[in-house]
Amino acid sequence: MIDIYNDDFGTFRNVYHSLGGIYIQIGNMPFNLRKQLKNHFIVGFIPFGGHFDDVMRPLLQELHQLEKSVAMDMDNETVWVIASIGLVTADMPQGNDLCDVKKQGALYGCRNCLVPKDRLTDNTFDRIRGARFHHVTNEHFVQLQTLIDQGVTKAEINNFARRYGLRSKQGVLSSLSRDRHLQTPQDAYHAIAGKVQRFLNITFDLLNDNGKKAFVKYWRCFEKPSIWHRLPNPVTHLKSFMFSDALQLAMIMPFILKRFLAPSNIASADLATLCDRLSSSSNQRRSNKHVIDDIISCWVIVADVAAHCFKLKMSQGDLNHLQEALMEEHGILIKVWYKMLYCQ
């Protein structure tokens with residue numbers, strides 16, 4: 001089983017001109033070997049302005065040959081080796097491209113289902129009935145190619161692609177034997193860490209000058225594990241944080257906020273808005289203290305979800321707890337933050 005991983009990175013930590021890296025892992029390896037850096041094989045780099053398809057196209061012939069099987073001599077014995085794509089791992093924008101779905105900002109921008117953009121936070125959406133299926137997507141691309149062969153206008157082609165949330169042209173991986181939707185999973189690391197980074201931005205935007213000073217004071221004197229590397233100031237250098245930095249800070253955010261956060265540390269306009277939104281959603285007047293408790297509760301749940309998502313081993317009880325925590329997180333984030341950000 002071959003796992004193709006694609007990710008963009010800044011050449012010097014955070015720079016505008018980024019490189020794209022394409023790596024391969026052998027999924028049949030035991031986990032303790034698969035996670036070692038020496039077993040991440042570099043296919044190549046995508047220069048700024050380049051495309052994934054251009055780098056992968058020279059490898060397609062070998063991948064097609066491996067799908068049919070190749071005879072290899074191992075330990076004085078000839079064996080047949082068959083290899084095919086097991087997973088294609090990428091973050092949100094690249095992952096959508098690799099499974100031939102439009103970007104996440106499109107009307108139907110989910111690579112796994114056909115949820116409309118205005119229902120992304122709707123927990124009642126039927127994800128089974130509205131799921132994307134590989135054979136159905138293939139039929140749509142056949143119809144799209146027929147329209148192109150008939151010489152229809154570009155507007156008609158764009159309308160057809162928009163209706164089904166598909167790119168106007170299939171990617172280079174479409175010729176391989178794989179299910180583009182099932183075998184291009186959502187990247188949990190980018191999803192969870194990206195959510196934490198956004199939540200950090202929202203939290204610091206709520207604080208007034210006194211609140212930011214109080215946060216920095218308590219953050220500096222917090223008892224961090226000795227093995228943690230030293231983080232830059234989160235208030236002034238949050239944009240330079242890597243995902244690992246954001247996740248590290250998320251683990252201690254509830255404790256820091258519990259020690260100092262008070263209504264006087266929050267901008268008065270934002271505090272009043274939060275009070276009104278929470279009062280309207282719960283049908284009872286929420287005090288300033290309730291707002292503080294809700295903010296801390298949000299961080300407790302976010303930290304709990306992040307900790308359970310990245311456990312190396314999970315029992316059935318852990319999976320059940322994670323499912324419950326995700327549902328609870330969904331509810332409280334929609335109630336506290338979504339209304340404040342999108343309903344003003």
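Residues numbered from 1 in each chain as written. Predicted model: local features only at pLDDT ≥ 70, side-chain atom pairs only at ≥ 80, totals over all residues. Heavy atoms only, no water.

(A) Structural view of the layout of surface pockets. Considering only enclosed or pocket space, the largest pocket measures out at about 2,200 Å³ in volume. Surrounding the largest pocket, 49 residues form its lining, Met92, Leu120, Ala191, Lys195 and His330 being those nearest its centre. At the level of elements, helix 4 (92–98), helix 7 (188–206) and helix 13 (316–342) are the ones that each hand at least two residues to the lining of the largest pocket. Considering every element that reaches the lining of the largest pocket, the biggest residue donor is helix 13, with 11 residues. Broken down by class, the residue content of the lining of the largest pocket amounts to 25 nonpolar, 13 polar and 11 charged. (1 Å grid on protein atoms, 1.4 Å probe; cavity = no way out; pocket = protein on both sides within 12 Å on 5 of 7 lines; lining within 4 Å. Points joined across faces, edges and corners; volume = space filled by probe spheres on them. Helix = DSSP H or I, 4+ residues; strand = E, 2+ residues; numbered from the N terminus. Nonpolar A, V, L, I, M, F, W, Y, C, P; charged D, E, K, R; others polar.)

(B) Geometry of the pairing of strand 5 (residues 77–81). Examined bridge by bridge, strand 4 (residues 70–74) and strand 5 share five bridges and lie antiparallel to one another. Across the sheet, residue Met72 finds its bridge partner in strand 5, namely Val79. Hairpin connection from strand 4 to strand 5: two residues lie between these consecutive antiparallel strands, with Asp75 at a positive phi of about 55 degrees. (Pairing = 2+ DSSP bridges.)

(C) Structural detail: empty space enclosed by the protein. Counted by the stated rule, this structure contains one cavity of 30 Å³ or more. In this structure, the largest cavity is lined by Thr203, Leu206, Leu207, Leu257, Leu261, Ile266 and Ile295. Partitioning the lining of the largest cavity into residue classes produces six nonpolar, one polar and no charged.

(D) Inspection of the packing of helix 5 (residues 134–149) against helix 6 (residues 154–164) at higher detail. Running from N to C, helix 5 and helix 6 point in directions that differ by 170 degrees, and their axes come no closer than 10 Å. By the angle between their directions, the pair helix 5 and helix 6 is classed as roughly antiparallel. Each of His140, Gln143, Leu144, Leu147 and Ile148 in helix 5 lies in contact with helix 6, whose residues at this interface are Ile157, Phe160 and Tyr164. A class-by-class count of the residues in the contact of helix 5 with helix 6 yields six nonpolar, two polar and no charged. (Axes fitted to C-alpha atoms, helices over the stretch in contact; angles between N-to-C directions. Parallel < 35°, antiparallel > 145°, perpendicular 65-115°, else oblique. Contact = heavy atoms within 4.5 Å.)

(E) Examining the packing of helix 7 against helix 12 (residues 288–309) more closely. Helix 12 packs onto helix 7 with a crossing angle of 160 degrees between their chain directions and a minimal axis gap of 11 Å. In terms of orientation, helix 7 and helix 12 fall into the roughly antiparallel class. As helix 7 runs across helix 12, the sense of the crossing is left-handed. Contacts from Ile192, Lys195, Val196, Phe199, Leu200, Thr203 and Leu206 of helix 7 reach helix 12 at Ile295, Cys298, Trp299, Val302, Val305, Ala306 and Cys309. (Left-handed = near helix turned anticlockwise from the far one by under 90°.)

(F) Broad picture of the confidence of the model for the protein chain. Confidence in the prediction of the protein chain, expressed as mean pLDDT, is 87, and 95% of residues score 70 or more. The element-level mean pLDDT for the protein chain is lowest in helix 13, coming to 79, with helix 8 (residues 209–220) highest at 94. Confidence drops under pLDDT 50 across residues 339–344; counting only partners more than four residues distant or on other chains, this segment forms 15 contacts. (pLDDT = per-residue confidence, 0-100.)

(G) The side chain of Glu329, seen in detail. Within the secondary structure, Glu329 sits in helix 13. The exposure class of Glu329 is buried, given its relative accessible area of 5%. Residues contacting Glu329, with those up to four places away along its chain left out, are Lys195, Ile301, Val302 and Val305. (Buried < 20%, exposed > 50% of the residue type's maximum accessible area, 1.4 Å probe, protein only.)

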